[in-house]
Amino acid sequence: YPKLGYDPVKDFEPIGMIAKIPNILVVNPKLPIKNLADYVRYAKDSKDGITFASSGSGSSIHLSGEMFKMQSKLKMLHVPYRGSAPAMTDLVGGQIPFTIDTVAAALPQLKAGKIKAIAVTGATRATQLPDVPTVAENGFAGFSADSWLAVVAPRGLPADAKAKLHKALADTMADTEIRNKLIASGLEPAYQPAGAVLAQ
């Protein structure tokens, strides 16, 4: 974005992190793939390698796939779609064998049995899918890739306004009902105040 119009680092300051969004590797259930080891074997046995879809080039979903490609050393061709919905439609229809998506986006199709989950890309298992292991648990030590949501404010926000935002976000994230709604949506509550976020 050569003409973005703002500097994402210099023009904002963090208020706090809200949640992490784990990505998930999913396949068409008609394929002979039950777990990540099966997927690796399937990809290695495919003469031309295997394609993987994403919601678009440069997305966390695309980068998760590229990270897995590098670590697994598999022959994988990225196929970018214009969003999650068309990629998921083609996965369900069998036009593509495999995609990575957010847990939030994949949950409806997973619950309907139209796709199969084989691994979560985050460091820990997803709360909504406790039986699905992580990529790291499947023999790829140290693999961890997910997105996150945070609240930021314009740089130079008055101290009293910033303090109100900090308190409001802390109070909101302490609310059990709010946290449960995030989990039900496929998100993982991960509140951290601004200082903790900057320290990372």
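Each value, and the rule that gives it
Each chain carries its own residue numbering, running from 1 in the direction its sequence is written. In keeping with the model being predicted, local features are shown solely for residues with a pLDDT of at least 70 and side-chain atom pairs are shown and tallied solely at 80 or more, while totals for entire chains, interfaces and linings include all residues. To get the side-chain values, all heavy atoms of the structure are used, and hydrogens and water are removed first. For each residue, the accessible area found with a 1.4 Å probe, counting protein chains only, is set against the maximum for its type, and the residue is called buried under 20%, exposed over 50%, and partly exposed in between. Runs of H or I in DSSP of at least four residues are treated as helices and runs of E of at least two as strands, each being numbered from the N terminus. Should any heavy atoms of two residues lie within 4.5 Å, those residues are considered in contact. N or O atoms within 3.5 Å of each other form a polar contact, as long as, within protein, one can give a hydrogen and the other can take it, and as long as residues adjacent in sequence are counted only when both atoms are side-chain atoms. Only rings of Phe, Tyr and Trp enter the pairing, Trp through its six-membered ring, and a pair is recorded when the two centres are within 6.5 Å. The plane angle decides the type: under 30 degrees is stacked, over 60 is edge-to-face, the rest tilted. Like charges within 9 Å and nonpolar side chains (Val, Leu, Ile, Met, Phe, Trp, Tyr) within 5 Å are joined into patches, using only residues over 30% in relative accessible area that form no salt bridge. Where accessible areas are quoted, they stem from the Shrake-Rupley method and a 1.4 Å probe; at the residue level, only the protein chains shown are allowed to cover. Salt bridges are counted wherever a side-chain nitrogen of Lys or Arg sits within 4 Å of a carboxyl oxygen of Asp or Glu.

For this particular structure, what's the right way to read helix α1 (residues 36-45)?
In an α-helix, one turn spans 3.6 residues; hence positions three or four apart end up facing the same way. If you check which residues of α1 are buried, you get L36, D38, Y39, V40 and A43. As for α1, its buried residues are in contact with β1 (12-27), β2 (50-54), α2 (60-72), β3 (76-80), β4 (98-102) and β5 (116-120). Its side-chain oxygen at 3.2 Å from the backbone nitrogen of A37, N35 defines the N-terminal cap of α1.

What am I meant to see in the packing of aromatic side chains here?
Within a pair of aromatic rings, the relevant descriptors are the distance that separates the centres and the angle that separates the planes. Overall, the coordinates contain 6 aromatic pairs when judged by the stated rule. On the numbers, 6.3 Å between centres and 45 degrees between planes, the contact of Y39 with F68 is tilted. Taken together, the residues Y39 in helix α1 and F68 in helix α2 connect sequence positions 29 residues apart. Here Y39 matches F68 in class, with each residue buried. In textbook terms, an aromatic cluster arises when at least three aromatic residues are bridged by ring pairs, as seen for Y39, F52, F68, F98, F140 and F143.

Looking at this structure, how should I read a nonpolar patch on the surface?
There is a patch of nonpolar side chains on the surface, built from Y1, L4 and Y6 and spanning about 410 Å² of accessible area. Residue classification places L4 among the partly exposed residues on the basis of a relative accessible area of 36%.

Teacher, can you tell me more about the pattern of salt bridges here?
For the structure shown, the criterion picks out 5 salt bridges. As a salt-bridge pair, D38 and R41 come within 2.4 Å of each other at their nearest N and O atoms. In this pair, D38 and R41 are both assigned in helix α1, 3 residues apart and thus about one turn of the helix distant. According to the relative accessible area criterion, D38 is buried, its value standing at 15%. The residue K167 makes a salt bridge to D171 at a minimum N-O spacing of 2.7 Å. With K167 and D171 both in helix α5 (residues 159-173) and 4 residues apart, this pair spans about one turn of that helix. Its relative accessible area of 55% is what places K167 among the exposed residues.

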